[in-house]
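Geometric and topological summary
Residue-level listing of the chains:
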Amino acid sequence: MDPLALTLIELGAVVFCLGLLARLAGRIGMSPIPLYLVGGLAFGAGGLIKLDGMHEFAHLSGEIGVILLLLMLGLEYTAAELVTGLRRSWQAGVLDLILNFLPGAGIAVLLGWGLVGAIVMGGVTYISSSGIAAKVITDLGRIGNRETPVVLAILVFEDLTMAIYLPILTAILAGVGFLGGLQTVGIALAVVTLVLVVALKHGHRVSQAVHSENSEVFLLNLLGAALLVAGIASALQVSAAVGAFMLGIAISGATAHNATRILEPLRDLFAAIFFVAFGLNTDPSTIPPVLGWALLLAFVTAVTKLLTGFWAAKRAGIAVPGRFRAGAALIARGEFSIVIAGLAVTSGAVPRDLAALATAYVLLMAIVGPLAARFVEPVVKVFRKSPRKPKASEPVASFET
Amino acid sequence: MNVDETELPGLGVRKDFITASGRRIGVVEMREGETELFVSTWDDPDTCQASIPLTADEAAALGNLLGGQHIAMRLAEAHKEIPGIVTRQFSITADSPFTNQPMGKAQIRTRSGVSIVAIMREGEVVPSPAPDVVLHTGDLLVAVGTQEGLDSAAAILRNG
């Protein structure tokens with residue numbers, strides 16, 4: 001068959017299947033990410049059907065998917081929100097980093113993947129899925145809850161940490177030495193600070209530069225700017241994704257809202273292809289050997305996230321049920337864990353098993369996270385009620401005023 | 001009244017307060033322009049019993065209902081000393097003949113002797129509206145007059 005025809009047929013079939021999977025995910029109320037990953041596993045190396053024609057396209061589209069994911073993440077926050085979030089929640093953020101980075105890093109060391117593997121796996125287990133968390137908060141009607149700002153502040157901190165972490169990761173994966181690494185960290189910190197300052201003072205100018213009333217012009221401006229900035233960032237070894245993230249932060253106000261609306265369908269398409277591309281590169285037969293580790297890691301990091309949220313909510317003066325809700329909302333891992341694992345696997349600096357472990361881990365956490373968020377409340381209620389039973393005579397309306 | 005304002009990064013701004021009965025009640029003004037109305041449960045002020053998404057129009061209508069009641073009560077209080085004077089609220093529905101028309105066109109004072117003392121619109125008060133104020137669907141007119149005058153004013157607003 002003509003290679004072009006083959007590519008089109010494969011691509012069409014895959015995208016169509018993704019549509020079906022997304023619909024299924026919507027029907028049962030879960031995140032589509034694990035289903036996309038499973039789809040990728042089924043089509044890729046060692047899967048049910050082997051698709052070779054679309055490999056090149058899937059690879060480039062996946063890269064664009066990452067850029068769009070990070071760009072939209074940046075668009076979600078204004079620089080002012082990031083700065084106040086950082087100021088208010090850095091203690092919780094640091095605790096979050098320590099508690100959730102170490103389990104992943106530890107397992108990588110245990111499995112003999114070295115320092116690079118440890119830094120990658122630490123990132124995978126550290127970063128919560130802000131997409132899943134935001135959806136859980138909205139779906140469960142918790143927008144007005146008091147613990148919600150606490151959860152969001154931690155997510156903001158994590159996303160900013162990503163802006164420092166990704167350039168470091170990129171440098172380490174490229175195999176630069178300690179000094180080169182320090183240099184990259186320096187550049188990354190300088191760039192992040194510079195962009196925050198520019199966004200705070202001149203955000204409207206950046207917005208003006210890409211803004212247009214014509215949605216076609218606007219889309220092309222945005223996408224062009226994002227790819228350009230990502231490309232330049234990549235050339236400077238600051239990680240393409242972080243370039244896009246910083247651009248998203250610099251764009252603010254009404255322009256940011258319109259940009260979100262216009263980019264959403266593109267992001268959905270390319271991000272879906274990114275997840276599939278990641279699955280394509282993972283041989284399903286490598287998953288069963290690491291499944292035990294994935295389960296252990298899932299359990300440990302679910303507990304550590306719960307502790308993080310519990311502690312942060314307690315500091316904010318929130319009662320016990322709210323503390324558990326805050327912790328459970330953070331459990332889900334998703335898109336950014338795969339972004340990190342994807343970077344590592346593409347660079348070839350880590351063993352193939354890492355991709356398998358990351359896939360299995362994200363599969364588990366993307367499913368467990370929303371479930372935990374939903375069921376933590378009734379579970380806590382049952383546990384809290386039983387010791388209080390003897391006091392049934394106390395007045396029912398014992399709330400504080 | 002002490003209203004707390006809390007930033008919700010990526011979502012919007014939450015504004016709420018604790019009622020005398022111990023419930024937390026408030027709104028989240030979402031970035032995209034919708035409003036989420038919520039009220040806490042009685043036993044845990046951290047969580048919400050109900051969280052109701054409202055469109056901009058619905059939020060404005062609800063604001064008018066709540067604010068209009070307040071104004072009408074205050075006016076009624078002020079007019080208690082004068083026998084025969086009553087305060088009443090009229091809402092402008094989409095099918096009213098004076099929707100998108102200046103209020104003066106209805107000639108309410110000339111025809112019924114009733115005074116429109118305020119218009120509640122999108123949660124805000126337009127006090128002593130001039131005849132050239134254009135009426136919109138969802139506006140709440142606060143009217144003062146006699147019982148009969150108010151009846152005929154209602155008829156004017158409904159039927160023209």
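Bear in mind the structure is a predicted one, so any value in this text is a computation, not a measurement.

Attention shifts here to the overall build of chain A. Check the secondary structure of chain A and you find 15 helices and 0 strands. For 401 residues, the compact-globule estimate of 2.2 N^0.38 gives 21 Å, and the C-alpha radius of gyration of chain A, at 22 Å, lies within 12% of that figure. Summarising its shape, the C-alpha atoms of chain A cover approximately 80 × 50 × 45 Å along the three principal directions. Burial status across chain A gives 51% buried among its 401 residues.

Moving on, we come to the overall build of chain B. For chain B, the helix and strand inventory stands at 3 helices and 9 strands. Reading chain B from its N terminus to its C terminus gives the helix and strand order β-β-β-β-β-α-β-α-β-β-β-α. Referenced to the eigenvectors of the C-alpha coordinate spread, the extents of chain B come out at roughly 55 × 35 × 20 Å. Scored against the burial criterion, the 160 residues of chain B give a buried share of 33%. Once local pairs closer than 6 in sequence are excluded, the contacts in chain B between residues at least 24 apart make up 50%.

Taken together, the contact between chain A and chain B spans 25 residues of the former and 21 residues of the latter. When residues of the side of chain A that touches chain B are traced back to their parent elements, those giving at least two are α4 (79–110), α7 (148–173) and α13 (320–329) of chain A.

Residue and element names in this part refer to chain B. Averaged over every residue, the pLDDT of chain B is 85; the share at 70 or more is 99%. Within chain B, strand β4 (residues 35–40) carries the highest mean pLDDT (91), whereas helix α1 (residues 56–79) carries the lowest (78). With pTM at 0.78, the complex prediction returns an ipTM value of 0.73.

A separate point is the sheet that holds strand β2 (residues 12–18) of chain B. All names here are of chain B. Read from one edge to the other, the open sheet built from 5 strands follows the order β1-β2-β3-β4-β5, with strand pairing classed as antiparallel. In the strand order of this sheet, the two ends are held by β1 (4–8) and β5 (48–54), each with one partner. For this sheet the average axis-to-axis angle between neighbouring strands, irrespective of direction, equals 20 degrees. Bridge count between β4 and β5: 6 bridges; the pairing is antiparallel. Directly across from glutamate 36, in β5, lies its bridge partner proline 53.

On to the nonpolar core. Core analysis: the largest hydrophobic core is formed by 140 residues, its most contacted members being Ile67(A), Leu71(A), Ala244(A), Leu354(A) and Tyr361(A). By residue number, the principal contributor to this core is α7(A), which donates 17 residues. With residues up to four places along the chain from it excluded, the contact list for Ile67(A) reads Ala226(A), Leu227(A), Ala230(A), Ala240(A), Ala241(A) and Ala244(A). Core analysis: the second largest hydrophobic core is formed by 22 residues, Phe98(B), Val114(B), Leu135(B) and Val144(B) among them.

Glancing now at the packing of α7(A) against helix α14 (residues 335–347) of chain A. Residues and elements named next belong to chain A. Between α7 and α14, whose axes approach to 10 Å, the crossing angle comes to 15 degrees. Relative to α14, the element α7 lies roughly parallel. Crossing hand, α7 versus α14: right-handed. Contacts between α7 and α14 involve Met162, Leu169, Thr170 and Leu173 from the former and Phe336, Ile340, Leu343, Ala344 and Ser347 from the latter. Residue composition of the contact of α7 with α14, by class: 7 nonpolar, 2 polar and no charged.

Residues and elements named next belong to chain B. One ladder, built from 7 bridges, connects β2 with strand β3 (residues 24–30); its direction is antiparallel. Bridging across to β3, valine 13 finds its partner in glutamate 29. Here β3 runs beside β4; their pairing, made up of 5 bridges, is antiparallel. Bridged to glycine 26 within β4 is phenylalanine 38. With antiparallel pairing between neighbouring strands as the criterion, β3 and β4 make up a hairpin whose turn holds 4 residues, including glycine 33 at a positive phi of roughly 110 degrees.

Below, the discussion takes up the pairing of β2(B). All names here are of chain B. Two elements, β1 and β2, share 5 bridges in a ladder whose sense is antiparallel. The residue bridging glutamate 5 from the neighbouring strand is lysine 15, located in β2. Connecting β1 to the antiparallel partner β2 that follows it, the hairpin turn spans 3 residues, and glycine 10 within it adopts a positive phi of roughly 85 degrees.

What follows deals with unusual backbone geometry. Most peptide bonds adopt trans geometry, and most residues besides glycine take a negative phi value. Residues and elements named next belong to chain B. One non-glycine residue, asparagine 100, lies in the positive phi region at around 60 degrees. In this structure, asparagine 100 sits in the loop between β6 (86–91) and α2 (108–112). Overall, asparagine 100 belongs to the exposed group, with 10 C-beta atoms counted inside 10 Å. If you check the backbone angles, glutamine 107 has positive phi at about 50 degrees while not being a glycine. Mapping glutamine 107 onto the fold places it in the loop between β6 and α2.

Now for the sheet that holds strand β7 (residues 115–121) of chain B. Residues and elements named next belong to chain B. Taken in spatial order, the 4 strands line up as β6-β9-β7-β8 in an open sheet, and their pairing is antiparallel. On the outer flanks of this sheet lie β6 and β8 (124–127), each paired with one strand and no other. Here the average twist between neighbouring strands, direction ignored, is 25 degrees. Pairing analysis gives 5 bridges linking β7 to strand β9 (residues 140–145), with the strands arranged antiparallel. Pairing of isoleucine 116 across the sheet is with alanine 143, part of β9. Along the sheet, α1 contacts β6, β7, β8 and β9; its crossing angle with β9, the most-contacted strand, is approximately 10 degrees.

Residues and elements named next belong to chain A. Put simply, α7 and helix α12 (residues 287–315) touch, their axes get as near as 9 Å, and they point 120 degrees apart. It follows from the interaxial angle that α7 and α12 lie oblique. Crossing handedness for the pair α7 and α12: right-handed. Across from Val150, Val151 and Ile154 in α7, the residues of α12 making contact are Thr308, Gly309, Ala312 and Ala313. Residue composition of the contact of α7 with α12, by class: 5 nonpolar, 2 polar and no charged.

Calculation notes
- Residues numbered from 1 in each chain as written.
- Chains lettered and ligands numbered in written order.
- Predicted model: local features only at pLDDT ≥ 70, side-chain atom pairs only at ≥ 80, totals over all residues.
- Helix = DSSP H or I, 4+ residues; strand = E, 2+ residues; numbered from the N terminus.
- Rg over C-alpha atoms; globule rule 2.2 N^0.38 Å.
- Buried ≥ 20, exposed ≤ 12 C-beta atoms within 10 Å, placed from the backbone.
- Contact = placed C-beta atoms within 7 Å.
- pLDDT = per-residue confidence, 0-100.
- Pairing = 2+ DSSP bridges.
- Axes fitted to C-alpha atoms, helices over the stretch in contact; angles between N-to-C directions.
- Core = buried A, V, L, I, M, F, W, Y, C linked by C-beta atoms within 7 Å.
- Parallel < 35°, antiparallel > 145°, perpendicular 65-115°, else oblique.
- Left-handed = near helix turned anticlockwise from the far one by under 90°.
- Nonpolar A, V, L, I, M, F, W, Y, C, P; charged D, E, K, R; others polar.

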